[in-house]
Amino acid sequence: APEKMTDKMVEFTASLTEIKMCEGVPDVDLSKAACYSIGDRVVEVFDSVEDHLNLLQQCFDFEQIKQLMARDDFSFVYDSMCGVQGPYATKILEEVLGGKPGSCINATPRPDFGGPESSWHGHADPNLTYAVELVKAMGLNAKGEKIDTGKPVPVFGAGADGDADRNMILGS
């Protein structure tokens, strides 16, 4: 969405003074898979990361990707910008595919996408302007020009916006 529109959404949200809750509905533990009966309805809580992983394993050759991840000449960084993609990235890229621990950065989701104290000021948009940490890790500045970071530049870099529907991919 255009920034003008998202700014209006933030402004409106800040003006809310009341949230109405449905009374009499029992608490549902969203941290573990289970089924809950609420009246004549059934609420199923499932691990969305596992569900997504199972789908990806049907689409991609995970064994070949694991071989790539294990190569000495391959390194990557994936920036979730404190959005929803973080747990998915960490589980799939680091735990399942064997990527180096810590390759997934800003992987803890936050409701404010890192907020004003983050280097991207909570504006989780994967581009040269806002994906500051990813861009720098890839040895670039905000103009896309090469810079010296004092560290080896990963071969592959990627990032996602807050809800992971927009992405940026960079290569060294």
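Description of the structure in this document. (Residues numbered from 1 in each chain as written. Predicted model: local features only at pLDDT ≥ 70, side-chain atom pairs only at ≥ 80, totals over all residues. Heavy atoms only, no water.)

Side note on the pairing of strand 2 (residues 41–45)
Next up, step 1: Judged from the 5 bridges that link them, strand 1 (residues 34–38) and strand 2 form a sheet pairing that is antiparallel. In the strand pairing of strand 2, Ile38 is matched with Arg41.
Next up, step 2: Taking the residues between adjacent antiparallel strands as the criterion, strand 1 and strand 2 are bridged by 2 residues, where Gly39 takes a positive phi near 65°. (Pairing = 2+ DSSP bridges. Helix = DSSP H or I, 4+ residues; strand = E, 2+ residues; numbered from the N terminus.)

Re the state of the cysteines
Next up, step 1: Counted according to the given criterion, the structure contains 0 disulfides.
Next up, step 2: The structure places no disulfide on Cys22, whose sulfur is separated from the nearest cysteine sulfur, that of Cys35, by 20 Å.
Next up, step 3: Take Cys22: its relative accessible area is 62%, and that puts it in the exposed class.
Next up, step 4: Residue Cys35 is classed as exposed on the basis of its relative accessible area, which comes to 54%. (Disulfide = S-S within 2.5 Å. Buried < 20%, exposed > 50% of the residue type's maximum accessible area, 1.4 Å probe, protein only.)

Some details on the pattern of salt bridges
Next up, step 1: Tallying each qualifying case throughout the model produces 11 salt bridges.
Next up, step 2: Across the pair Lys91 and Glu95 runs a salt bridge whose closest N-O atoms are separated by 4.0 Å. Taken as a pair, Lys91 and Glu95 lie in helix 4 (residues 86–96) at a separation of 4 residues, close to a single helical turn.
Next up, step 3: For Asp161, the salt bridge is made with Arg166, and the minimal N-O distance between the two is 2.9 Å.
Next up, step 4: Exposure remark for Asp161: the relative accessible area of 2% places this residue in the buried category.
Next up, step 5: Overall, the relative accessible area of 38% leaves Arg166 in the partly exposed class.
Next up, step 6: Three or more residues are tied together by salt bridges with common partners; here these are Asp125, Asp161, Asp165 and Arg166. (Salt bridge = Lys/Arg side-chain N within 4 Å of Asp/Glu carboxyl O.)

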